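Observations on the three-dimensional arrangement
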Amino acid sequence: MKKIILLSVLLIFLIPLGPAFANDTDLYILTQLMQQVPPDTLILLDLSGSMSNYTTDLPTYTLYINPGTESHGVYQYQCGNTTIPYYWTNASPHTTACTINSTQVIYGDPTCAGPFYMTYNQTGTSASRTTCTQSKVAIAQRALFKLLDADNCSGTGTPDGIINSCDQAYLKIRMGYMRYYNCGSTSPEATGYPETNTSSYNSGCNTVIDPINTPYPQIYCNESTSCTPSGPATATSIETETASGGTPLAAALEEANYYLTYTKTLDNDSACRQKFVILITDGDDTYACKMNGSEGEKIQYKGRREVVAQARALANAGYYVFAVGFGSTMPSFEQNTLNWVAYYGNTKNTNETQSITTMYTIPYSGIYPSGVTQCMSSSQVMGPYTGTGAPYWGYTYYYANSPYTNTPGDSDPGQDAISGYAFIATSESDLNAAINNIRNFIIALIAQSTSYVAPVVPVSQYQSTSSENDMCLGMF
C-alpha cells in the first residue's frame, strides 16, 4: 500500500504545470495529392579528340556506291536492309546539307535521314563497294537518342523514333547534359585541378549545357517540342556535337559533383531526390595533377587515382556514378579504372558477373587508399598490361608501384583487376544495351528501394506553415 501511495505522488510531480508543445516534427500521411519525387540524371559526355576517331572495334558496314544517271552522281549508304541515297553536290531537289563530321558534307532530301557513315570516293563508272566505320561521337549520339526516346505516347514504353514530352512523362527522370570539349593545357580544368571554384561547371571546357530538368528534345536537338534522329538542331546540343581536345576526366567528375550539389539548393524535395551521373568516355585522364594532355605520360597514374577519387567523392555526397567505356581495344588499365569508378560510384553492370582479383581499397568516407594523397608522386615502372589495345596507341604505359610495393597493390587502380561494374562497349549494340541497362537500373533502384514522396499533409489538429523536421515517407 505504501508503495502505491509513493508511486502516485511521483506521478503527480511528472504532470506538466503549463501547456505541452510538440512542434519539432510533423508527421505526414499518404494522400492522393502526394507525388513521387523523380530522380535527377546528369549525362556527362567525353568529347575529347579521340571520340572523333573511326574505330575498327565497333561495327563496320558495307558502303555501296552507284554512279546513277544524274550528272553529279548518286551515292547510296546501305546498312542492313536500308539504302539511303546521297549526293556530293548541292543540286535540286537534294539541297539539304547532311554533315557526317567536321570535314565531310553530303546532300540529301529534306529529312536528311541517317545514320551516316564514312565517305568513299567514286572511282570509275561501275558500282563499287568498300567497308567503312563510324565515329565514336556518332555512336554515342544514337545511343543517347535511344536513352531519351522511351515511349510513343501509349504508356507502354515503346519507342517511336521521336523524342518529345511523352518520353519524359513515361520515364519520370529529370535529365541534364554536361560535356567536356576542346580542352587544352591552359583550360581551367587542366591548370586548376583540384578546383576550388564550386561554380566552375559554368565556364571552361567542361560545362553544363542543359541544366537538370531540361525538356528531353532541348537536350538532344535544342528544340522545344520534338526531335528525330536527324532532326534539325539550331544550337549546341547532343545532336550537333563534335570532338576535340584532351581529357580532363577527374575535373569533369569534380564539377559534376559541384553542380549536383548546387541543384539541391534550388530543390524543395532535395532530401528525397536521388541523383545519378552517366559518364561516357573512351580514355584516360590526361590533365589532372598538371599533366600536359598527352597520352603515355609517366605520371598518368595520378590521373587514374584522381578519377576514382572523384567518383568516390560523388558517392560520398550521396550520388551514383555509371561508367560507360568504348571498345574492346581499350587497354586493361583503362577498363580497370572505369570499373573502379563504377564500383566506388555504387553501380554495376547487371548484365555481367562482377569479379575483383585485387582490391583497390579506399577506406570508408575517404577518397584515396591509405597512404595515398591528392596528386601524390610515386615511383613507377613500365607495363606490361593486357588487352587488345596494346601497344597503347604507340605509347609506353607506366603504372605506380608505391607507396605499396606489392603488385598491383593499392597504388594504381589501373593495375588492380576488376570487371563487371562498368559497361565496356565492343559494338554499337553493346552501347545501346548499356544505356538501356542504366536506364532500367535507375528505374528499378527507385522502385525497389523506396518510392520517395514529398510530404504535403501534416497529421496535426492545427495547420502548420513550417516544421523543424520534414519527413520523407518511404513506401515499400
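Up top is the structure these notes are about.
Below is a summary of the structure that appears in this document. (Residues numbered from 1 in each chain as written. Predicted model: local features only at pLDDT ≥ 70, side-chain atom pairs only at ≥ 80, totals over all residues. Heavy atoms only, no water.)

1. What about the overall build of the protein chain?
Quick note on the threshold: Working definition: helices are DSSP H or I runs of at least four residues, strands are E runs of at least two. Numbering for both runs from the N terminus. The buried label applies to any residue whose accessible area, calculated with a 1.4 Å probe on protein chains only, is under 20% of its type's maximum; exposed applies above 50%, and partly exposed to all values in between. Only the protein chains shown count as covering a residue, and every accessible area follows the Shrake-Rupley method with a 1.4 Å probe.
Tallying secondary structure elements over the protein chain gives nine helices and 18 strands in all. The buried share of the protein chain, taken over its 476 residues, is 48%. Accessible surface computed for the protein chain: about 22200 Å², of which carbon and sulfur atoms make up 54%.

2. Looking at unusual backbone geometry
In this model, Tyr-193 is joined to Pro-194 through a cis peptide bond whose omega is -5 degrees. As for its placement among the helices and strands, Pro-194 is situated in the loop between α4 (188-191) and β9 (206-210). Look at Cys-289: it is not a glycine, yet its phi comes out positive at around 60 degrees. One non-glycine residue, Lys-290, lies in positive phi territory at about 65 degrees. Taking relative accessible area as the criterion, Lys-290 reaches 55% and is therefore assigned exposed.

3. Comments concerning the packing of helix α7 (residues 300-316) against helix α8 (residues 332-344)
As a reminder, the rule being used: With axes taken as lines fitted to C-alpha atoms, and helix axes fitted only over the stretch in contact, angles between N-to-C directions fall between 0 and 180 degrees. Here is the rule for angles: anything less than 35 degrees is roughly parallel, anything more than 145 is roughly antiparallel, 65 through 115 is roughly perpendicular, and the remaining ranges are oblique. If you view the pair so one helix is near and one far, a crossing is left-handed when the near helix is turned anticlockwise from the far one by less than a right angle, and right-handed when it is turned clockwise. Whether two residues touch is decided by their heavy atoms; if any such pair falls within 4.5 Å, the residues are in contact. The nonpolar class holds Ala, Val, Leu, Ile, Met, Phe, Trp, Tyr, Cys and Pro. Asp, Glu, Lys and Arg form the charged class, and all remaining residues, Gly among them, are polar.
The geometry of α7 relative to α8 is characterised by a closest axis approach of 8 Å and an angle of 15 degrees between their N-to-C directions. Considering the angle they form, α7 stands roughly parallel to α8. Seen along the crossing, α7 lies across α8 with a hand that is right-handed. Side by side, α7 and α8 meet where Arg-304, Val-307, Val-308, Ala-311, Arg-312 and Ala-315 of the first sit next to Phe-333, Thr-337, Trp-340, Val-341 and Tyr-344 of the second. Tallied by class, the residues present in the contact of α7 with α8 amount to eight nonpolar, one polar and two charged.

4. Concerning the pairing of strand β8 (residues 174-181)
Selection rule: Following DSSP output, two strands are said to pair if at least two bridges run between them.
Within β8, seven of the eight residues are buried, leaving the element largely enclosed by the surrounding structure. Of the strand pairs in this sheet, strand β1 (residues 40-47) and β8 are connected by eight bridges, and their pairing is parallel. Looking at β8, one finds that Thr-41 is bridged to Met-175. Where β8 lies against β9, four bridges are found, and the strand directions are antiparallel. Across the sheet, the residue bridging to Tyr-180 is Asn-206, located in β9.

5. What to know about the sheet that holds β1
Reading across the sheet, the six strands line up as β9-β8-β1-β10-β11-β16 and stay open at both edges, with mixed pairing between neighbours. Each of the sheet's edge strands pairs with one partner strand only, and the pair in question is β9 and β16 (423-425). Averaged over all pairs of adjacent strands, the angle between their axes in this sheet comes to 20 degrees, without regard to strand direction. Pairing of strand β11 (residues 319-326) with β16 involves three bridges; the strand directions are parallel. Following the sheet pairing, Phe-326 is matched in β16 by Ala-425. Relative to the sheet, helix α6 (residues 249-264) contacts β1, β8, β9, β10 (275-281) and β11, its axis offset from that of β10 by approximately 155 degrees.

6. What about the state of the cysteines?
Which entries qualify depends on this criterion: Counting rule for disulfides: a pair of cysteine sulfur atoms within 2.5 Å.
Taken as a whole, this structure holds four disulfides when the rule is applied. Between Cys-183 and Cys-205 runs a disulfide, and the two sulfur atoms are separated by 2.1 Å. Its S-S torsion of about 100 degrees marks the bond between Cys-183 and Cys-205 as right-handed, since a negative value means left-handed. Within this pair, whereas Cys-183 is found in the loop between β8 and α4, its partner Cys-205 is found in the loop between α4 and β9, the two being separated by 22 residues in sequence. Assigned by exposure class, Cys-183 and Cys-205 land together as buried.

7. Notes on the packing of aromatic side chains
The cut-off we apply is this: Planes of paired rings set the category: under 30 degrees apart is stacked, over 60 is edge-to-face and the rest tilted, where pairs are Phe, Tyr or Trp rings (Trp by its six-membered ring) whose centres lie within 6.5 Å.
Evaluation of the coordinates by the stated rule reveals twelve aromatic pairs. Ring centres of Phe-145 and Tyr-220 lie 5.1 Å apart, and the angle between their planes is 80 degrees; this geometry places the pair in the edge-to-face category. Of this pair, Phe-145 sits in helix α2 (residues 136-148) while Tyr-220 sits in helix α5 (residues 216-221), and the two are 75 residues apart along the sequence. Residue Phe-145 shares its accessibility class with Tyr-220, and that shared class is buried. On the basis of an interplanar angle of 85 degrees and a centroid distance of 5.3 Å, the ring pair of Trp-340 and Tyr-343 is categorised as edge-to-face. Of this pair, Trp-340 and Tyr-343 both sit in helix α8, separated by three residues, roughly a single helical turn. Assessed through its relative accessible area of 26%, Tyr-343 is described here as partly exposed.

8. Things to note about the pairing of β10
Both faces of the sheet carry side chains from a regular strand, because those side chains alternate between them. Taken across its seven residues, β10 has seven buried, putting it largely inside the fold. With burial as the criterion, each face of β10 is covered, one bearing Lys-275, Val-277, Leu-279 and Thr-281 and the other bearing Phe-276, Ile-278 and Ile-280. Judged from the seven bridges that link them, β10 and β11 form a sheet pairing that is parallel. Looking across to β11, one finds that Lys-275 is bridged to Tyr-319.

9. With respect to α7
The cut-off we apply is this: Expected span of a helix, by definition, is 1.5 Å for each gap between consecutive residues, and there is one gap fewer than residues.
Taking 1.5 Å as the rise per residue, α7 with 17 residues should run 24 Å; its terminal C-alpha atoms sit 25 Å apart, in good agreement. Taking burial as the measure, the 17 residues of α7 include 16 buried ones, the bulk of the element. Of the residues one or two after α7, Gly-318 is the one with positive phi, at around 100 degrees.

10. Thoughts on the environment of Met-51
By the element assignment, Met-51 lies in the loop between β1 and β2 (61-66). Among all residues touching Met-51, those that are not within four sequence positions of it are Leu-45, Asp-46, Ser-135, Lys-136, Val-137, Ala-140, Ala-243, Asp-282 and Phe-326.

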